[in-house]
Amino acid sequence: HYSGLEEAVYRNIQACKELAQTTRTAYGPNGMNKMVINHLEKLFVTNDAATILRELEVQHPAAKMLVMASHMQEQEVGDGTNFVLVFAGVLLELAEDLLRMGLSVSEASYYNSRYEKACKKALEILPDLVCCSAKNLRDVEEVASLLHTSVMSKQYGNEQFLAKLIAQACVSILPDSGHFNVDNIRVCKIVGAGISASSVLHGMVFKKETEGDVTSVKDAKIAVYSCPFDGMITETKGTVLIKNAEELMNFSKGEENLMDLQVKAIADSGANVVVTGGKVADMALHYANKYNLMLVRLNSKWDLRRLCKTVGATALPRLTPPTLEEMGHCDSVYLSEVGDTQVVVFKHEKEDGAISTILIRGSTDNLMDDIERAVDDGVNTFKVLTRDKRLVPGGGATEIELAKQITSYGETCPGLDQYAIKKFAEAFEAIPRALAENSGVKANEVISKLYAVHQEGNKNVGFDIEAEAAAVKDMLEAGVLDTYLGKSWGIKLATNAAVTVLRVDQIIMAKPAGGPKPPSGKKDWDEDQND
């Protein structure tokens, strides 16, 4: 049972500060990578806050609140998890300053409502900071330029190339209704070559080999089965009495004829590719080759479902010949070799397929995992843009403008309110500060320069990461833009998390359930139990 300032409040704040500090050095394009080894001994080398938090097992209950807030950001926006952590961490740090100045905990909870008041004000100011909107989400060049910022924070240096790949994949499957589904962009990672050898395919790619002799089919009509490609096995057990060799021959002949008829019926229905979700029997394979059917086996039922969605097929539970409606169709199915890996490609020639695959190449698995995370962020940013096309300037420009305006607002508030509101404004400085520190530039110099430029009314000026010294430039011209939704959700979730942590003044831990613990002498304990 912990209570009071020292035991509960400062402890909670300390835990959250530690967590925020961990991911803070990974913020922005120049952020450092973290090497995380999870409980399964798997190694991750990444600067993606969402992945770091997922693999770290955070035990402290207050720090878990921040983790939950960043998970919410990941689910809602798909990017900006690190922003939530850094911002919430700084809000708590500044709240601690107020508490150490002599505020009581009950007054602090009054301050929480001031944090919420300041957050509400920030969300009112945010629409005025919108610098541009996405005009046409079907234009690959424009979309690629908007995805730069989110890809840049994970893959600095390759953002031009990757943003273009992601844009091609997203634009090609954007439906007319505008309801974009992130799951429709698949990623296939194959070791070898380099990042620049990555490409986009309209359709699906599986790291599999074909089962039979046929390795390529043009204008494919596809029958999909969720069952094994095998003869029927009777439900009941039976005994067959065979008197001579002729009867034995006839017995196996009957099974062969049945299989022959089944495969022939599938071939006669017009299908020339069979995809199965189970094992392929040798005899069935023989007849599939005889009737020139291409056979592909997919072990994952998720892959089977996605393939059905891509080609417009229905997965059949038994080996019955498919009707025209149940058959899928795509322009070509072929076995290809990428590096030294065999892949089966289901390809749509026309642009507007249901699913696109980004084929990632790279020298190591770790590198490709990191590229996949960058792709994931880019695709999520595109999804956010389909919901709200507004964009705000990046590089700390939005944060400094919010800090400036909220400080002015704080000065108009009477009484002790202004302390909390000004602290909330000060917390926004942490974002450009983190960017500057991670780039090896004096943070105070950058922030004073930004304030000076913003006082003159240049709302879009942010920190220039690429310059040697503490330089600032117009973010709209530089093309460094953040999504409006990502920012507003980030501010909202970080404030909620910080306020929740500050509202706690007691930690009560229940004892684990169960009887008395066995003493150190295990043998005596067993004998006592038996008595």
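The structure this text deals with has already been given above.
Below is a summary of the structure that appears in this document. All figures in this text were calculated on a predicted structure; none of them were measured in a lab. (Residues numbered from 1 in each chain as written. Predicted model: local features only at pLDDT ≥ 70, side-chain atom pairs only at ≥ 80, totals over all residues. Heavy atoms only, no water.)

1. What about the packing of aromatic side chains?
Centre distance and the angle of the planes are the two values used to describe a pair of aromatic rings.
Phase 1 of the analysis: Across all of its chains, the model carries seven aromatic pairs by this definition.
Phase 2 of the analysis: Geometrically, the ring pair formed by Phe87 and Phe428 is stacked, given 4.6 Å between the ring centres and 25° between the ring planes. Here the residue Phe87 occupies a position in helix H4 (residues 81-100), and Phe428 occupies one in the loop between helix H13 (417-427) and helix H14 (430-438), the gap between them amounting to 341 residues.
Phase 3 of the analysis: Overall, the relative accessible area of 0% leaves Phe87 in the buried class.
Phase 4 of the analysis: In this structure Phe428 comes out as buried when scored by relative accessible area, which is 0%.
Phase 5 of the analysis: Within the aromatic cluster, the residues linked to one another by ring pairs are Phe83, Phe87, Tyr115, Phe424 and Phe428.
Phase 6 of the analysis: Over the ring of Phe44 we find Lys42; its NZ or CZ atom is 4.5 Å from the centre of that ring.
Phase 7 of the analysis: The ring of Tyr409 has Lys121 lying over it, and the distance from NZ or CZ to the ring centre is 4.9 Å. (Phe/Tyr/Trp six-rings, centres within 6.5 Å; stacked < 30°, edge-to-face > 60°. Helix = DSSP H or I, 4+ residues; strand = E, 2+ residues; numbered from the N terminus. Buried < 20%, exposed > 50% of the residue type's maximum accessible area, 1.4 Å probe, protein only. Lys NZ or Arg CZ within 6 Å of the ring centre and 35° of its normal.)

2. Description of H14
Phase 1 of the analysis: By the criterion of burial, H14 is predominantly enclosed, with seven of the nine residues buried.
Phase 2 of the analysis: Of the residues making up H14, those classed as buried are Ala430, Ile431, Pro432, Ala434, Leu435, Ala436 and Asn438.
Phase 3 of the analysis: Each element contacted by the buried residues of H14 is listed here: helix H1 (4-24), H4, helix H12 (397-412), H13, helix H15 (443-455) and strand S15 (461-463). (Contact = heavy atoms within 4.5 Å.)

3. Quick look at the sheet that holds strand S17 (residues 481-483)
Pairing between the strands of a sheet comes from backbone hydrogen bonds, and it takes one of two forms, parallel or antiparallel.
Phase 1 of the analysis: Sheet architecture is open: three strands sit in the order S4-S14-S17, paired in antiparallel fashion. Two strands close off the open sheet at either side, each with one partner strand: strand S4 (132-133) and S17.
Phase 2 of the analysis: Across two bridges, the pairing between S4 and strand S14 (residues 390-393) is antiparallel. Of the residues in S14, the one forming a bridge with Cys132 is Leu391.
Phase 3 of the analysis: Each of S14 and S17 is contacted by helix H17 (residues 484-502), which is oriented at about 65° to S17, the strand it contacts most. (Pairing = 2+ DSSP bridges. Axes fitted to C-alpha atoms, helices over the stretch in contact; angles between N-to-C directions.)

4. Observations regarding the packing of helix H6 (residues 140-152) against helix H11 (residues 365-387)
Phase 1 of the analysis: At a minimum axis distance of 9 Å, the contact between H6 and H11 shows a crossing angle of 125°. On the basis of their axis angle, the class for H6 and H11 is oblique. Considering how the two elements wind past one another, H6 and H11 form a crossing that is right-handed. Across the interface between the two elements, Val143, Leu146, Leu147, Ser150 and Val151 from H6 touch Ala374, Asp377, Gly378, Thr381, Phe382 and Leu385 from H11.
Phase 2 of the analysis: For the contact of H6 with H11, the residue count by class is seven nonpolar, three polar and one charged. (Parallel < 35°, antiparallel > 145°, perpendicular 65-115°, else oblique. Left-handed = near helix turned anticlockwise from the far one by under 90°. Nonpolar A, V, L, I, M, F, W, Y, C, P; charged D, E, K, R; others polar.)

5. So, the state of the cysteines
Phase 1 of the analysis: Going through the model one piece at a time under the given rule, you end up with zero disulfides.
Phase 2 of the analysis: Just so you know, Cys188 is unpaired, no disulfide at all, and the nearest cysteine sulfur is the one on Cys330, 16 Å from it.
Phase 3 of the analysis: Between Cys330, a free cysteine, and Cys308, which holds the nearest cysteine sulfur, the sulfur-to-sulfur gap is 12 Å. (Disulfide = S-S within 2.5 Å.)

6. Comments concerning the nonpolar core
Phase 1 of the analysis: Ranked by size, the top nonpolar core spans 70 residues in total, and within it Phe424, Phe428 and Ile491 carry the most contacts.
Phase 2 of the analysis: Residue contributions to this core peak at 13 residues, all from H4.
Phase 3 of the analysis: Excluding its chain neighbours within four sequence positions, the residues that come into contact with Phe428 are Phe87, Ala122, Glu399, Leu402, Ala403, Ile406 and Ile491.
Phase 4 of the analysis: Of all hydrophobic cores here, the second largest spans 33 residues; its members include Ala134, Ala144, Val200 and Leu385. (Core = buried A, V, L, I, M, F, W, Y, C linked by side-chain atoms within 4.5 Å.)

7. Concerning the packing of H12 against H13
Phase 1 of the analysis: Contact geometry of H12 with H13 gives a least axis separation of 8 Å together with a crossing angle of 175°. In this view, H12 runs roughly antiparallel relative to H13, as classed from their interaxial angle. Taken together, the residues of H13 that come into contact with H12 (itself represented by Ala403, Ile406, Thr407, Tyr409, Gly410 and Glu411) are Gln418, Ile421, Lys422, Phe424 and Ala425.
Phase 2 of the analysis: Of the residues belonging to the contact of H12 with H13, the class tally is six nonpolar, three polar and two charged.

8. Quick word on the pattern of salt bridges
Phase 1 of the analysis: Applying the stated criterion to the full structure yields 28 salt bridges.
Phase 2 of the analysis: A salt bridge links Asp369 to Lys189; the shortest N-O distance between them is 2.7 Å. Taken together, the positions of Asp369 in helix H11 and Lys189 in strand S5 (residues 185-191) put the pair 180 residues apart, joining distant regions of the chain.
Phase 3 of the analysis: Asp369 gets classed as buried once you look at its relative accessible area, which sits at 16%.
Phase 4 of the analysis: A salt bridge links Lys189 to Glu372; the nearest nitrogen and oxygen atoms lie 2.7 Å apart. With a gap of 183 residues between them, Lys189 in strand S5 and Glu372 in helix H11 connect regions that are remote in the sequence.
Phase 5 of the analysis: Residue classification places Lys189 among the partly exposed residues on the basis of a relative accessible area of 23%.
Phase 6 of the analysis: Several salt bridges converge on common partners, so that one network encompasses Lys17, Glu96 and Arg100. (Salt bridge = Lys/Arg side-chain N within 4 Å of Asp/Glu carboxyl O.)

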